[in-house]
Amino acid sequence: MSLSKDEPVLRLQHISKQFPGVFAVNDVSLDVYPGEVHVVAGENGAGKSTLMKLLSQVEKPSSGTILLNHEPIRFHGPQHAQSLGIAMIYQEFALAPHLTIAQNMFLGQEPLRLGLIDRSTEIQRSRTLLKQVGLNIDPRRLVSGLSVAEQQLVEIAKALSLDAKVVIMDEPTATLTEQEIHELFNVIHNMTERGIAILYISHRLDEIFRIAHRVTVMRDGQVVATLPRAEIDEKKLIRLMVGREIANLYPKPSTTIGEVVLRVTGITRAHVLRNCSFELHAGEILGFAGLVGAGRTELARAIFGADRIDAGTIEVEGKKVRIKSPEAAIQAGIGYLTEDRKRDGLAMNLGIDQNITMAHLPVVAGILNLGQERRTALQARDQLRIRTPSIRRKVEVLSGGTQQKVIVARWLETQAKVLFFDEPTRGIDVGAKAEIFDLIGKLAQQGRAIILISSYLPELLNMCDRILVIREGQIAGAVEREQFSEERIIALATGAREIEAQ
Amino acid sequence: MKNIINSSSEVADQPPIEEVGASFTQRLRERLVDVVAQLAAGGALIIVFIYLTFASPVFLTLNNLFNIVSQTAVTAVIAIGMTFVIITSGIDLSVGSNAALSGVLGVMLIVNSGVPWPLAILGGTIIGGIIGLVNGLLINAARLSPFITTLGMMGVARGLVSIFTNSVGVYGTPDDFQLLGQGTIYGIPIPLLVVVLLALLAHLILNRTRLGRYTYAIGSNGEAARLSGIPIKRYLTLIYVIQGLLAGFAGMIASSRVNSGQPNFGIGLELDVIAAAVIGGASLFGGQGTILGTLIGAFLISIIRNGAVLLNVNIYYQNVIIGVVIWLAVFWDQFRRRKFAVASR
Ligand SMILES: Nc1ncnc2c1ncn2[C@@H]1O[C@H](COP(=O)(O)OP(=O)(O)OP(=O)(O)O)[C@@H](O)[C@H]1O
Ligand SMILES: [Mg+2]
């Protein structure tokens, strides 16, 4: 196979994919060259993931041809695409949690000896591949014990084991911290050096500019433009994506900070959280910063009653509350928007409307008020600009970002006094991000107290009044808005005090 | 949320998005496809019905139809509960044994303790409910899986029936007791009335009440439901109690049909009940199922059994046919969901 940089390794010609009621991908033509990082950008529901699913043969195109090294490829399902060298790292993970890393990496292509799985070869080869992606862990460990970032690297290592020519990554950094992203980019760089083409979907503008060689922008299923990195800047990219200007990505309104609404004292949970105490005021937006796995989500879950705590007290508006379940938390006026919408956020085969009202059903004496439910859902749809042909549509078929908006809508409905937003912009396009931050700002203006958890520091730095940095299950420090700086927070998060001292 | 809407800002002031790609005809098509698909089991029911009408002179006689209805009543009543259970992604294997135990103990209340028969029906139903409660507690407090819990209960309840009766039938109920399973009101069979009323009620509960909505939510994503503040254990327990009550009541219908308590009643009944729900579109993965579908499934199974008897088909073939019907129904259901279903309902 020639790896000439002038010959496209992959050519899409007039590819379309129609779902009932939607043209998810509409007459898309695209060339991908060896060794390039080709970013596909666009709004939620633009058709990016669908396009990638067509390439990896998870979905069958309605029309059009795909050429790999000038050969048209036929549709035979994902296994076939993998054997051709097109590997996909999924937006939602596809590893089997109860198998070991090595077993996952060689799933379906187990090395055999005398008809039995050759475990030692499997483990040895896994180890080599894991090294290539900079992971230094035992391949005999179970996948369920890995962090999201580690799982992702395992998936990439798996793609390498398949000798992939094209690797597709659908929002791979959505859950990674800055450090982990940095490592991922190094891995990507090594892959392109070896002539592997990367198709990369992301909503994070900064990283698009960091790694893209070329950018293709999609809107409503069509390609709006394919441009080399040098010919685009942030403004232009946004305009291409959303078709309008966005004045301010982080519209933080000025708010008056009021009384203490939430006082948390000495929250402890064995092996996870140690003696966490803080106060939260009405109208305040408080950030939780920290590395992935530092305990930000765990602290939120503990306060919300999702996990049991071993010690500690919680006061809402000066009254001590015993929170033993999410139900009790919601009654006390606390809401929690989970970080993993698929696992513990959405009821996938229920409708948009039913998901929106799930935490706050309009009922009288146990009987549903369906008219009220519909009105609530329509209102939320207009307010959050949830793109859907019908509010009764199953959330399963919505694009990732649209699903996220549905969960946001659910928690806005509960009228909680304290709202945790755990990675609320994960997988959301720039336009919608600005809208969600705008909403968060307005909620604060109304006097609600907000806790924002994000792995993307600029979001916290721009939106928060104060940031708590959490490290290894403890609150490592608090930083006031006047003293915000990326370095200071990273130093606290990593425990690198010497940086602070400089 | 309401108060935010009126406030304006640079972001919120953009023109509202139009509904994407949903012309009227498209939406109509979506709905039609859904309705037609849901009628598939109903269509099969009608076809089998018409076929049998012509194939057997006896089929379309009042006597036979009455027979079908009262036979189906037992399965249908339990299947209504099973629909709830399956929607939560649970299963109840103990319903057959439960019906037998409740049916026998209910009859013993009349025969041995002199309880008036209407009260005994209530008593049998409550006994079923207690069995359901034990299931619910084992599942939600002791955290056993529904399969294991109810598999165990299937044995326990069946064993208790034999212990209480020495495996001989209990006789001596007054003739009035037969009303429930064999009586009519204005010519309409009482078991049919009972099924229709219970089905209507269950349909309303599933679609119009908090209990129904939570049933779907728990089955669709239990963790999401819990984190939305739904007390899932309480509701799950309640659903197993409801299933138990219905099984107990069905046991009393069965006893009334034969005017006695039969310890061997209901062996294998749970499979027909589960089949009825599944043929009617309930998914064992949870989150999906309707009462109408389940009823259609229950009647389809009884009509096939009844027709097989009328046409002198070997009893062994009946089971083969039912098995094939289950495959076809589930295959069709999955096919239509993959192909068409985008609306949630
Ligand atoms: N299986 C499906 N059935 C029906 N419609 C679908 C299906 N999959 C995707 N769609 C629709 O196709 C459109 C494109 O979705 P897609 O997931 O490709 O968007 P995306 O660009 O990846 O968005 P995001 O940035 O939010 O991930 C959306 O309108 C979505 O609702
Ligand atoms: Mg996507």
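This is a predicted model, so every value here is computed, not measured.

This part takes up the domain arrangement of chain A. Residues and elements named next belong to chain A. Split by domain assignment, chain A resolves into domain 1 (10-242) and domain 2 (260-500). Put simply, the middle of domain 1 and the middle of domain 2, counted by C-alpha atoms, are 29 Å apart. Both faces considered, domain 1 and domain 2 share a buried interface measuring about 1800 Å² in area, 53% of it formed by carbon and sulfur atoms. At the junction of domain 1 and domain 2, the tally comes to one salt bridge. Among the salt bridges present, the one from Arg 387 reaches Asp 220, with a minimum N-O distance of 3.5 Å. Our count for the domain 1 to domain 2 interface comes out at four residue pairs in polar contact (both at pLDDT 80 or more). Secondary structure elements with two or more residues in the side of domain 1 that touches domain 2: α7 (205-211) and α8 (234-242). The element that contributes the greatest number of residues to the side of domain 1 that touches domain 2 is α8, accounting for three residues. Residues that form the side of domain 1 that touches domain 2 fall into these classes: eight nonpolar, seven polar and seven charged.

A few words now on the nonpolar core. Ranked by internal contacts, the top residues of the largest apolar core, which has 92 residues, are B:Val77, B:Ile78 and B:Ile230. It is helix α4 (residues 62-87) of chain B that contributes the most residues to this core, 14 residues altogether. Core analysis: the second largest hydrophobic core is formed by 81 residues, A:Leu398, A:Leu460, A:Met463 and A:Cys464 among them.

What the rule picks out here adds up to zero disulfides over all chains. Looking at the unpaired A:Cys464, the closest cysteine sulfur is the one in A:Cys276, lying at 17 Å.

All names here are of chain A. With respect to the helices and strands, Ile 188 occurs in helix α6 (residues 178-193). When its relative accessible area of 2% is taken as the criterion, Ile 188 is described as buried. Residues Ile 188 and Ile 198 lie 10 residues apart in sequence; the distance between their C-alpha atoms is 7.7 Å. Beyond its immediate stretch of four places on either side in the chain, Ile 188 contacts Val 37, Met 169, Ile 198, Tyr 200 and Ile 211.

Glancing now at the pairing of strand β1 (residues 10-19) of chain A. Residues and elements named next belong to chain A. Looking at chain direction, β1 and strand β2 (residues 22-32) are connected through seven bridges and run antiparallel. The partner of Arg 11 across the bridge, within β2, is Asp 31. Hairpin connection from β1 to β2: two residues lie between these consecutive antiparallel strands, with Gly 21 at a positive phi of about 85°. Relative to strand β4 (residues 63-68), β1 is paired through five bridges, and the arrangement is antiparallel. Looking at β4, one finds that Leu 10 is bridged to Leu 68.

Before going further, it helps to spend a moment on the confidence of the model for chain A. Where the model shows low pLDDT, its predicted coordinates should not be examined in detail. The predicted model of chain A averages 89 in pLDDT, with 97% of residues at 70 or higher. Contacts from residues 498-502 of chain A, a stretch scored under 50 in pLDDT, to residues over four places away or in other chains number four contacts.

Right, let's talk about the sheet that holds strand β22 (residues 449-453) of chain A for a bit. Residue and element names in this part refer to chain A. Ordered in space as β18-β21-β22-β15-β23-β24, the six strands form an open sheet in which the pairing is mixed. Looking along the sheet, the strands with just one partner apiece sit at the ends: β18 (334-337) and β24 (474-480). Taken over all neighbouring pairs, the strand axes of this sheet differ in orientation by 20° on average, direction set aside. Pairing of strand β21 (residues 418-422) with β22 involves five bridges; the strand directions are parallel. Bridge pairing in β22 links Val 418 to Ala 449.

Residues and elements named next belong to chain B. Turning to its location among the elements, Thr 294 is positioned in helix α14 (residues 291-310). A relative accessible area of 1% means that Thr 294 is categorised as buried. Here Thr 294 is in contact with Ala 79, Ile 80, Thr 83, Ala 276, Ala 277 and Gly 280, once residues within four sequence places are set aside.

All names here are of chain B. Here Val 48 is to be found in helix α3 (residues 40-55). The partly exposed category is assigned to Val 48, whose relative accessible area is 22%. Taking the C-alpha atoms as reference points, Val 48 and Leu 300, separated by 252 residues in sequence, lie 8.0 Å from one another. The residues contacting Val 48, other than those within four sequence positions of it, are Leu 300, Ile 303 and Ile 304.

Glancing now at the side chain of B:Thr88. Residue and element names in this part refer to chain B. Here Thr 88 lies in the loop between α4 and α5 (95-113). Judged by relative accessible area, which is 5%, Thr 88 ranks as buried. Here the side chain of Thr 88 touches Val 85 through a polar contact of 2.6 Å, landing on its backbone oxygen. With near-sequence residues (within four places) excluded, Thr 88 lies in contact with Thr 215, Ile 218, Gly 219, Leu 236 and Ile 239.

What follows deals with helix α9 (residues 296-304) of chain A. Within α9(A), eight of the nine residues are buried, which leaves it mostly tucked inside the rest of the structure. Buried within α9(A) are the following residues: A:Arg296, A:Thr297, A:Leu299, A:Ala300, A:Arg301, A:Ala302, A:Ile303 and A:Phe304.

So, on to the pattern of salt bridges. For the structure shown, the criterion picks out 28 salt bridges over all chains. A:Arg466 is the partner of A:Glu284 in a salt bridge, and the nearest nitrogen-oxygen pair spans 2.8 Å. In this pair, A:Glu284 sits in the loop between β14 (273-281) and β15 (285-289) while A:Arg466 sits in strand β23 (residues 466-471), placing the two residues 182 residues apart along the sequence. Of the two residues examined, A:Glu284 and A:Arg466, each falls in the buried class. The residue A:Glu396 makes a salt bridge to A:Lys394 at a minimum N-O spacing of 3.9 Å. Looking at A:Glu396, the relative accessible area reads 45%, which means it is partly exposed. The class for A:Lys394 is buried, based on a relative accessible area of 5%. Salt bridges here are not isolated pairs; linked through shared partners, they connect A:Arg301, A:Asp307, A:Asp340, A:Arg343, A:Asp344, B:Glu223 and B:Arg226.

The immediate surroundings of ligand 1 are formed by 20 residues, with A:Asn44, A:Lys48, A:Ser49, A:Thr50 and A:His203 found nearest. The site occupied by ligand 1 is bordered by residues of chains A and B. Within the backbone of A:Gly45, one N or O atom sits 2.8 Å away from an oxygen atom of ligand 1. Interatomic distance of 2.5 Å between a side-chain N/O atom of A:Thr50 and an oxygen atom of ligand 1. Isolated, ligand 1 exposes 640 Å² of accessible area, and the fraction of that covered by the protein chains is 87%. For the shell around ligand 1, the secondary structure elements donating two or more residues are β2, α1 (48-55) and α14 (400-413) of chain A. Residue contributions to the shell around ligand 1 peak at three residues, all from α1(A). The class makeup of the residues in the shell around ligand 1 is seven nonpolar, 10 polar and three charged.

This paragraph deals with the packing of aromatic side chains. Evaluation of the coordinates by the stated rule reveals nine aromatic pairs over all chains. Taking 5.5 Å as the distance between ring centres and 45° as the angle between the ring planes, the aromatic pair formed by A:Tyr250 and A:Phe437 counts as tilted. One end of the pair, A:Tyr250, is in the loop between α8 and β13 (260-269); the other, A:Phe437, is in helix α15 (residues 430-445), with 187 residues separating them in the sequence. There is no split in this pair, since A:Tyr250 and A:Phe437 are both buried. Relative to B:Tyr235, the ring of B:Tyr214 lies with its centre 4.9 Å away and its plane at 80°, an arrangement referred to as edge-to-face. Taken as a pair, B:Tyr214 in helix α10 (residues 210-220) and B:Tyr235 in helix α12 (residues 232-258) lie far apart in primary sequence, 21 residues in all. Members of the aromatic cluster, joined through ring pairs, are A:Phe278, A:Phe288, A:Phe304, A:Tyr336, A:Trp411 and A:Phe420.

Rules and cut-offs
Position numbers for residues count from 1 along each chain, tracking the sequence in the order it is written. Lettering for chains starts from A, numbering for ligands starts from 1, and both go in the order in which the items are written. In keeping with the predicted nature of the model, local features appear solely for residues at pLDDT of at least 70, side-chain atom pairs appear and are counted solely at 80 or more, and the whole-chain, interface and lining totals rest on all residues. Remark: hydrogens and water are excluded; side-chain values derive from all non-hydrogen atoms of the structure. Each domain's extent is set by a domain assignment, obtained either automatically or from a database. Joining two parts hides part of their accessible area as seen by a 1.4 Å probe, and the buried area is that hidden amount summed over both. The term salt bridge refers to a pairing of a side-chain nitrogen on Lys or Arg with a carboxyl oxygen on Asp or Glu at a separation within 4 Å. We call two N or O atoms a polar contact when they sit within 3.5 Å, provided that within protein one can donate a hydrogen and the other can accept it, with sequence-adjacent residues counted only if both atoms are side-chain atoms. Where helices and strands are cited, they refer to DSSP runs of H or I of at least four residues and of E of at least two residues respectively, numbered from the N terminus. Classification convention: Asp, Glu, Lys, Arg as charged; Ala, Val, Leu, Ile, Met, Phe, Trp, Tyr, Cys, Pro as nonpolar; all other residues, Gly among them, as polar. Take the buried Ala, Val, Leu, Ile, Met, Phe, Trp, Tyr and Cys residues and link them wherever side-chain atoms come within 4.5 Å; each set so joined is a nonpolar core. With a 1.4 Å probe rolled over the protein chains alone, any residue whose accessible area is under 20% of its type maximum counts as buried; one over 50% counts as exposed, and the rest are partly exposed. Whenever a pair of cysteine sulfur atoms sits within 2.5 Å, that pair is classed as a disulfide. In this description, contact between two residues means that some pair of their heavy atoms is separated by no more than 4.5 Å. Pairs of strands are assigned from DSSP output, requiring at least two bridges between the strands. Across the chain, each position has a pLDDT score giving the predictor's confidence in that residue, from 0 to 100. To define axes, lines are fitted to C-alpha atoms, for helices over the stretch in contact only, and angles between the resulting N-to-C directions are given on a 0 to 180 degree scale. Summary of the distance rule: residues count as near a molecule or strand when at least one heavy atom falls within 4 Å of that molecule or strand. A 1.4 Å probe and the Shrake-Rupley method give the accessible areas. Residues count as covered only by the protein chains that appear here. Two rings belonging to Phe, Tyr or Trp (six-membered ring only in the last case) form a pair when the distance between their centres is within 6.5 Å. Interplanar angles under 30 degrees mark stacking, angles over 60 mark edge-to-face geometry, and anything in between is tilted.

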